[in-house]
Each structure stands twice: as C-alpha cells, then as structure tokens.
Amino acid sequence: MVIWKLEYDVELINITKKYGNTPVLSNISLNVESNEFFSILGPSGSGKTTILRIIAGLVKPDDGLVKIKGVDVTFLPPYRRRVGMIFQHLALFPHLTVFENIAYSLRIMKIPENEIRRRVKEYLEIVNLPAEIYAGRRINQLSGGQQQRVAIARALVMEPKVLLLDEPLGSLDFKLRQHMMLELKRLQRTVGTTFIYVTHDQEEALIMSDRIAVLNNGRIEQIGSPSEIYGKPKNRFVASFIGEANFINGKLAGDEVFVCSFGYVKIPRVNTSLNGRAVLSIRPERIRIGLSLEGLDNIYKGEIEEKIYTGSYVYVKVKVSEDTFLKCLVPVVDIENLGLEEGMNVAIGWNKQDIIGIFED
Amino acid sequence: MEFLKIKMKILSRIGLHGTSLFLLFPPLVFLAIFFYIPFIIAFLYSIGIIGRDRVINIAPTLSYFIEALNPLYLKVVANSLYIAAITTISCLIIAYPVAYYIALKASYKLRNLLMIAVILPYWISFLLRTYALMTILSSLNMLFTYHAVVIGMIYDYLPFMILPLYVNLEKLDRSLLEASYTLGASPTKTFLKVTLPLSLQGIIAGCILVFVPATGEFIVPYMLGGVSVTTIGTLTWDLFLKFHNWWRGAALSIIYIFIILAMLIVYVKKIGGIEI
Amino acid sequence: MSLTDNLMKIHTIAILLFLYAPIAIVVLSSFNEYGGLSSFKFTTRWYESLLQNSTVWKAFSNSLLVAILCALISVILGFISAYGLVRANTAFKSSIESIFYIPIIIPEITEALSLLLFYNLLSFPLGFISVLIGHTAFSISFVFVVSKARLAGFDRSLEEASMTLGANRLQTFIKITLPLSAPGIIASMLLSFTLSWDDFIKTVFTTGPGFQTIPLVIWSQSARGGVSPELNALTSLMLVISITLSYLYVKMIKR
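Attention now moves to the overall build of chain A. Per the secondary structure count, chain A includes 10 helices and 20 strands. Overall, chain A is about 75 × 50 × 40 Å in size when its C-alpha atoms are taken along their principal axes. Here chain A holds 361 residues, and 39% of them are scored as buried. Pairs at least 24 apart in sequence give 67% of the contacts found in chain A among residues at least 6 apart.

Glancing now at the overall build of chain C. Secondary structure summary: chain C contains 11 helices and 0 strands in total. Each helix and strand of chain C, ordered N terminal to C terminal, gives the series α-α-α-α-α-α-α-α-α-α-α. Looking at chain C as a whole, 45% of its 255 residues are labelled buried. Once local pairs closer than 6 in sequence are excluded, the contacts in chain C between residues at least 24 apart make up 78%.

Another aspect to go through is the interface of chain A and chain C. At the interface, 17 residues of chain A touch 15 residues of chain C. Contributions of two or more residues to the side of chain A that touches chain C are made by β6 (83-86) and α2 (98-108) of chain A. For the side of chain A that touches chain C, the residue count by class is 13 nonpolar, 4 polar and no charged.

So, on to the domain arrangement of chain C. Residue and element names in this part refer to chain C. Domain boundaries in chain C define domain 1 (1-43) and domain 2 (54-253). Computed over C-alpha atoms, the centres of domain 1 and domain 2 are 33 Å apart. Opposite the 6 residues of domain 1 that make contact, domain 2 presents 6 residues. Across the side of domain 1 that touches domain 2, the residue classes tally to 3 nonpolar, 3 polar and no charged.

This part is about the sheet that holds strand β15 (residues 288-290) of chain A. Residue and element names in this part refer to chain A. One open sheet holds the 5 strands; their spatial order is β15-β19-β16-β17-β18, and the pairing between them is antiparallel. Looking at the sheet topology across the chains shown, the edges are occupied by β15 and β18 (324-331). Across the sheet, the axes of successive neighbouring strands diverge by a mean angle of 40 degrees, strand direction being ignored. Taken together, the 6 bridges between strand β16 (residues 298-309) and strand β19 (residues 345-350) define a ladder with antiparallel strand orientation. For Lys301, the partnering residue across the bridge sits in β19 and is Ala347.

On the chain B side, the residues contacting the 63 residues of chain C number 61 residues. Listed by contribution, the elements that provide at least two residues to the side of chain C that touches chain B are α1 (3-30), α3 (54-87), α4 (93-105), α5 (108-121), α6 (128-152), α8 (169-198), α10 (214-225) and α11 (229-254) of chain C. The element contributing the most residues to the side of chain C that touches chain B is α1 of chain C, with 13 residues. Per-class residue counts for the side of chain C that touches chain B are 40 nonpolar, 18 polar and 5 charged.

A few words on the packing of α4 of chain C against α6 of chain C. All names here are of chain C. With their axes 8 Å apart at the nearest point, α4 and α6 run at an angle of 115 degrees to one another. Here α4 runs over α6; the crossing is left-handed. Within the contact between the two elements, α4 uses Phe100, Tyr101, Pro103 and Ile104 and α6 uses Ala137, Phe138, Ser141, Phe142 and Phe144. Here the contact of α4 with α6 is built from residues that sort into 8 nonpolar, 1 polar and no charged.

All names here are of chain A. For helix α6 (residues 174-191), spanning 18 residues, the distance from its first C-alpha to its last is 26 Å, which sits close to the expected 26 Å at 1.5 Å a residue. Buried within α6 are the following residues: Met180, Leu184, Leu187 and Gln188. Viewed along the axis of α6, the buried residues span an arc of 95 degrees, placing them on a single side of the element. Across α6 from its buried face, at more than 90 degrees, point the exposed residues Lys175, Leu182, Arg186, Arg189 and Thr190. Gly192 sits one or two positions beyond α6 and adopts a positive phi of about 85 degrees.

Residues and elements named next belong to chain A. The strand order across the open sheet built from 6 strands is β6-β7-β8-β3-β9-β10, with neighbouring strands paired in mixed fashion. Each of the sheet's edge strands pairs with one partner strand only, and the pair in question is β6 and β10 (219-224). Between one strand axis and the next, the sheet turns by 20 degrees as a mean value, whatever way the strands run. As judged from the 5 bridges shared by strand β3 (residues 37-41) and strand β8 (residues 194-199), these two strands associate in the parallel manner. The residue of β8 that forms the bridge with Phe37 is Phe195. Packed onto the sheet, helix α5 (residues 144-156) meets β6 and β7 (162-166) and runs at close to 170 degrees relative to β6.

Residue and element names in this part refer to chain A. One ladder, built from 3 bridges, connects strand β11 (residues 246-252) with strand β12 (residues 257-260); its direction is antiparallel. Considered in β12, the bridge of Leu252 is made with Phe258. Connecting β11 to the next strand, β12, in antiparallel fashion are 4 residues, including Gly254 with a positive phi near 85 degrees. Sheet analysis places β12 next to strand β13 (residues 263-266), joined by 4 bridges and oriented antiparallel. Bridge pairing in β13 links Cys260 to Gly263. The hairpin formed by β12 and β13 contains 2 residues between the paired strands.

Okay, the nonpolar core next. If you look at the biggest cluster of nonpolar residues, it comprises 101 residues, and the most contacted ones within it are Ile55, Ile102, Leu164 and Ile196 of chain A. For this core, the element with the highest residue contribution is α5 of chain A, accounting for 6 residues. Grouped together as the second largest cluster of nonpolar side chains are 99 residues, Tyr157 of chain B together with Ala59, Leu115 and Leu117 of chain C included.

Relative to the helices and strands, Ile102 of chain C resides in helix α4. In sequence terms Ile102 of chain C and Ser130 of chain C are 28 residues apart; their C-alpha atoms lie 21 Å from each other.

Time to look at unusual backbone geometry. For residues other than glycine, phi is negative in most cases, and the peptide bonds are mostly trans. Residue and element names in this part refer to chain A. A positive phi angle, close to 60 degrees, is found at Lys110, a residue other than glycine. Counting through the fold element by element, Lys110 comes out in the loop between α2 and α3 (113-126). Classification of Lys110 by C-beta neighbours within 10 Å gives exposed; the count is 7. Here the phi dihedral of Glu167 falls at roughly 40 degrees; this positive angle occurs in a residue that is not glycine. In this fold, Glu167 is placed in the loop between β7 and α6. The class for Glu167 is buried, based on 20 C-beta atoms found within 10 Å.

The side chains of a regular strand alternate between both faces of the sheet. All names here are of chain A. Relative to strand β2 (residues 22-32), strand β1 (residues 10-19) is paired through 7 bridges, and the arrangement is antiparallel. Paired with Tyr19 across the bridge in β2 is Thr22. Taken together, β1 and the strand that follows it, β2, pair antiparallel across an intervening segment of 2 residues, in which Gly20 is found at a positive phi of about 70 degrees.

A few words on the confidence of the model for chain C. Overall, the prediction assigns chain C a mean pLDDT of 90, with 98% of residues at 70 or greater. Here the predicted complex scores 0.80 on pTM and 0.87 on ipTM.

Here the focus is the environment of Ile356 of chain A. Residues and elements named next belong to chain A. Mapped onto the secondary structure, Ile356 falls in strand β20 (residues 355-360). In this structure, the C-alpha to C-alpha distance between Ile356 and Ser105, residues 251 residues apart in sequence, is 47 Å. If we skip the residues at most four places from it in the chain, Ile356 touches Gly231, Lys232, Pro233, Ala239, Ala245, Ser281, Ile282 and Arg283.

Cut-offs applied
- Residues numbered from 1 in each chain as written.
- Chains lettered and ligands numbered in written order.
- Predicted model: local features only at pLDDT ≥ 70, side-chain atom pairs only at ≥ 80, totals over all residues.
- Helix = DSSP H or I, 4+ residues; strand = E, 2+ residues; numbered from the N terminus.
- Buried ≥ 20, exposed ≤ 12 C-beta atoms within 10 Å, placed from the backbone.
- Contact = placed C-beta atoms within 7 Å.
- Nonpolar A, V, L, I, M, F, W, Y, C, P; charged D, E, K, R; others polar.
- Domains from an automatic or database assignment.
- Pairing = 2+ DSSP bridges.
- Axes fitted to C-alpha atoms, helices over the stretch in contact; angles between N-to-C directions.
- Left-handed = near helix turned anticlockwise from the far one by under 90°.
- Expected span 1.5 Å × (residues − 1).
- Arc of directions from axis to C-beta.
- Core = buried A, V, L, I, M, F, W, Y, C linked by C-beta atoms within 7 Å.
- pLDDT = per-residue confidence, 0-100.

Here you go:
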C-alpha cells in the first residue's frame, strides 16, 4: 500500500451547485492541508459562502464529493461531521448564557458535567474571556468583539476537525478588525485546527492566510500563498481583485517586448500562447517616480494628472499618453522631498521583474 | 452510494426530501377530514345524492335548488343583502371620521389610548355585545323590530370598519398633505383630492370585512329581530335546526357560497388582488 | 384646532360612548338589586345565584374543557405544520398554505352546517367530541397563520449553528426552536382558547342534547326570557374573561 502524502483535512472534488437554472458553483476542486489557515476570497455572489455551507453539510452539492480527513461526507448531515462553524452574524443562542452556549456541543455529546466545566473554562481562557466574569452573562450583555470570541470558543470546544468561518469580521469597526485578525491567526496556530475562512476583503485574506483560493462567479481562479496571489496573479481578475493594479493595453511584439501607446516595454521572457493583443499589469508601488530616472529597464516621461492623499502614502496619477494613465504609489516623504505637484512633468519607470503579468485582453 | 445519490436527486426534484413535509401530514389529514370533506358532503346533500335516511341516490337532482330559489326565499336573500349594504354604508360614514381623527389629528399618546378603546370591543364576541345591546333596546321597548336589527348590525360591525380605515390612514404620508397646502389647496380640497383617494384601499378593505360576513349574519337578526326579520342566516338556522330540512338547507348554503364567491370575484376583477 | 377637528373629536367620543354604553350598562345592572336601569342598589346576589346555578357550572366546565383541549391540539398541529411548511422546499408551498387559509375566509355558518351534515351522515353522536372537532379544525388555521408569521422571522442560522455543534434535527427543535418560539406558541394557545371559549355558531350547530357551553346558555336564556339580571352577571363575567385573554394574547405577541 502506497501512502501518497499526508491526508488532506478537507478535499472538494468537482463540486457543482445550481440554484434553479443558475449555476452557483462549477467544478470546484481544492485541497486544504492540516493545520492550515486557508482562505476563500471572492466578490459578493461568487459562491464562497456556498462552498463553506457545503463543507459544513448545510447544503448538498448537485455533483461532486466532499471529503474530510479522507472520509467521504458528501451525504452526511452536519451534526455528524464534527465541523465547527462561525456564522456571519454569529448565531449565538440568545436564550442561553455564555457558558451554556459554549457547553452546547459537549452536552449533546453527553460529556460528564465536571469535564464540561473544565473545557468551557479552558476555551474561555483561550479566547481571553475570563470565566469568572463572563460565564454567566447573557449574549446581549456582550460587546461585538466579545460575542465574536464566544462564537469561536463555542465552535472550538468540541475539537472540530476543521473550523469554518463565514466573513466573521464584517460588522466590526476598523481597529477591532485589525485586532481580531491577529487574534484569529494566533488562535489557529495555538489550537492547531485547520481554519477555512471566507471573505471578500483581500486585506484579511492576505494578512491571515497560509494559502488563498480566489473565487469568481463560481469558479476558482487561482490557489496559492498570499505572496503568490499578490505577486504572480494568473489572470486579470486576480490581479485586479487583490491590491491595486495598472492595466496597460497593447501588443506583444516578439518574446520580450510589449508595444503600447506610450512606447516599448521590456518584459521578462513569457512563454505564452498569447499572440497579438494583450494587457500588461504592474502594481502602483512598483513604479518609481522622479524628476529624472536612470538605471531602470523601462523609463518614460509623463505629466502628473492628480494626487490622491490616503494618509501615509499618495496615489499619483501620471499621464503617459493621450489615453493612458498610470497610478503610482508614492510615500508622502518622497512627495515632499521631490516637491511633486499636479501638472509637473516627471519620469516614471520600472524593471522587467516588477511586472506582475501579461494577460489576455 | 450511487443509489442513494439518485434517490436524493429524485426526491429533491419533487421537493419531498427532509422530514419537513411529513410534519404536514397529520394537520392536513385532520383538515381534510373535518373541514373539506364536510363541504363535499354538504354539496352532495344539496343535489340529493345523499337522500333521506342516508340513502345514497345515484341520480343528482336540482329539486332542492329549485325549492330554495322560490320567491319567498329570494326575498329573504335580497333582504339580507339590503341589510348588509345599509350596515356597510352606515359603518363607513360613522367610522371614517373616527379613524381620521385618531390617525391624523390626535396626539401620539392619545392615539394609543383611543386605538385600544376602539379595539377592545373587537375582542368581545358578537354574542356578548349583541346581548349587551339587547338590554338597552329592551328597556327602550325597541326589541324585535327592523330598526333594532340595523342598529345591532352597525353596533357589532363598527370596529371591523374602524380598524382597516385607521391602519390605512395612519400610514398616510403627512408631507403629502403639507405639499398640498403649500400648493394652494384648502383643507377641504386636500381631503377630497389627496386623503380620500389614498384611503381608498382602507375603505375597500373595511367594506369587504363588513359586507361579506354581514350577509350571513344570524345572531343579530335572531336576538334583536325575533321573527320579524328574516335573513339568509336565520333562514339557514331554521331549516337546519328547527325543521331539519338538510337538503333544502344545503342547497340554500351552496347558493349563499356562490353569492359570496361572486362578490369576491367582482372585487378581484374590478379592484385588484386580495390580501389576507 | 378648527371647527371640523372639534366636530370630529366630539363625534369620536360619541361613538366610543355608543360602543361602550351597552357594555357598561350590562356590568352595572349586574350589580343592581333591581336588575334594570331605573333605581340602583348595590348587590352581589346575582353573582351568587350564578354560582349556585348548576346549569351554568356544567356549561362552564364544558366550555373550559373544550377550550383547553382545543388549544392543545390545534397548537400542536398548527405549529408543526407551520414549522414544516416554512422549511419545505417545494413548488406546492403556496397551494398548501391556501389549504390552511381557506377555513378563515369561509363564513362560519357554512362550516358549521357542513360539519353537522357530516356528522349526520355518519350517525356520529353530537356532543362534546363533535363540538371539540369543530373548534379544533377552525383553530388550526389560525394557529398556522400566527405561527407562520413568527417562524418567518426566525433566525435559521441559529438552527444551523446547533446542527454544526452536533445536535440532530429533533434535538435542535427541542433545544433551540421551541424555547425561542415559546411566546408565539403561548400566544397561539391563548388565541385558540379564546376562539373556542367564545365560539357560538359552530357550537350551536354541532352540539347535542344536554351539552352546553356558556355562550349557548346565554343564547338560549336570552332567546327565551330576554334580558335578566343573572344573565347580565354571566355576560359581565364573560366580558372580563374575554378582555383578559385578549390582553394576555397581545402581550405575548409583542415579545
């Protein structure tokens, strides 16, 4: 018997789901490893919550298989899968105390009373809600952040095979969200359970995940680590959905040259079937700007059209040709040092490897 | 595994998967046996398929309907419709200013109090309210007259008219009235051109809530009118509980249902959908 | 306030007085030694004679028993049918709903006589059970409508959370759905009880010799002798009970 590799925690094989005649998911296949923080990222309506609910067993796929730790669970009801889930609006039981909410799954499993008390206390500690203060409280007496943590403790206390999170940070304010993102990451590392996290917010995915699956219209566009997704997007959708990107229309002329409205661009060698029209993509922070530049593969002249101030850095929109504008990300200090103003003539440039991709038009 | 998958697919296509629908069986069966089947039986009585001594006749007959459509009975039907109409119009005229005042003119605190006062009689059954009215009418020696019946009908049905009117008027956007004033319309003109048309839905709802049940009313005519007033309701009562003439009674009821259905169809066709 | 406003105000007060005067008079008369409206002397003798009236007591216990049973049966049947329908995924949903709505729209007298004919055909004995069945069939529809409205607003993700935590459908129903639906269920019971308690038309058509409820007593005695002080007392009691039940219902529904 050959043991392939370590068992995947979750496998989705060719999952398809339609609502009526509308396809929601088409041939979704992915594998989630053990002890991984895996995010499913996509715009609203892309089907990401549906994937989660299929893994949980709340929705049955029309076609395809779901395996959890090697076992086919496609037709297993949710209460036999031992999959923890954090719902978008948390779904904490309003008629039960914090203690009873967390103890819920343990009571179902008929675990003895003192063991329940021990475990609930343990997980309250893990999520930083001291039992003495919070165990007896009602849900509506807690703040949003505290409710979050109760929901997490409730799902983790039953030691699930995997934890599913459905956009849990959406309703929190900015500072709390930042804090919770680090909290979740820390929790995942501490507890060691695989997290599958669904969101439309690319910042959350990039900060917390070990790997990300980018979903669009029911199809997976790309799966990879945050740096891969960000630095080497496979297509235009991924490039534009994650982070900011400039898209330049033009033509491929030979292996290493791209022709567009403002001249020639030297590009890294691409072995692509693309012939003729294509789109070149480069991130704003990779474009250098100055009064004059040298030493870069590609340097062009342009005029500053607009400055958009966002706090610690500025988006500078530069007109390089009649119909082409490039967004450059410039730290505030550089704006000040160079005295960049709207209407100024500047030089912008980048090296071949700064380009993140050439995509089809 | 494949068989299970196919079975699930077929069941979900019909929409029968899950325990949910099985929960519906006991209540539906109960309703079928004790509500719907009795109607079918009443119909069978009316066309004579179920005859005297519970004998089943194969041949239906219209004789009972013909009996029920005699001039005397038709007069009774006309009388019922007439009383129902008077009741409805009177209730409308009386109720509208009340609903208008409470919804648009009374202060917020007063409004709640007044609405509770209006709704309270709603909670008291027709029987009790009619009896209460009976006590006054008896001391005024007005019992067992036609007028007593009309007063009683208005008294019992008034809350049914006030409530829908109030609900509709309360939702009226005050700024529409204000806009009308700024455009130069007097309060009277504003009422006629803005308020009244917008409250039409409430008026129609109230009229239906009063007229339809009023046609079949028998508590009020019986208690306050005695033998001097006959309506579809009292006639049905007599046929069933006094004379035990199930067949003519069933025929009369079927005729009555048709009258109601006709009214509802007229409503739907002329005025639009029904909301429960 | 303008003249019209004042007129409307007076009209409103007058109509409210009109609505309440008979009720007030009944209640007052029930405490009047002389029964009527002319001279007044406070007494409770009419209530006392009520308490000694065996017919009234029998009718009272009949009414109570029928109403309680009707409430229990119709709430169980009505609630689970609303629960099942809200969760079902079928094209027949609205048709099944209409099956429950129709009993509410059909005039009571038609329902009542149809049931009578049904019983007559089957030679079914008329009395306690025949009345109970009539009340229950009608109540199920009301309970269904109320339960459906409450369940529609029920947060399904609470049930889903329960299932991901290991509870099967039955456990979820008992631990989560029922407790959170409790106010609606109690309200339905009150509604059903009140409908049965006050019911007259269906009862009078489907009852048999010797079986009376309070409304039947009021009806038969007022039809015979007309107004009487004892009847005033009985009616007053019924008024208080009706109002109390409805008040409790509203409180429950608001929760």
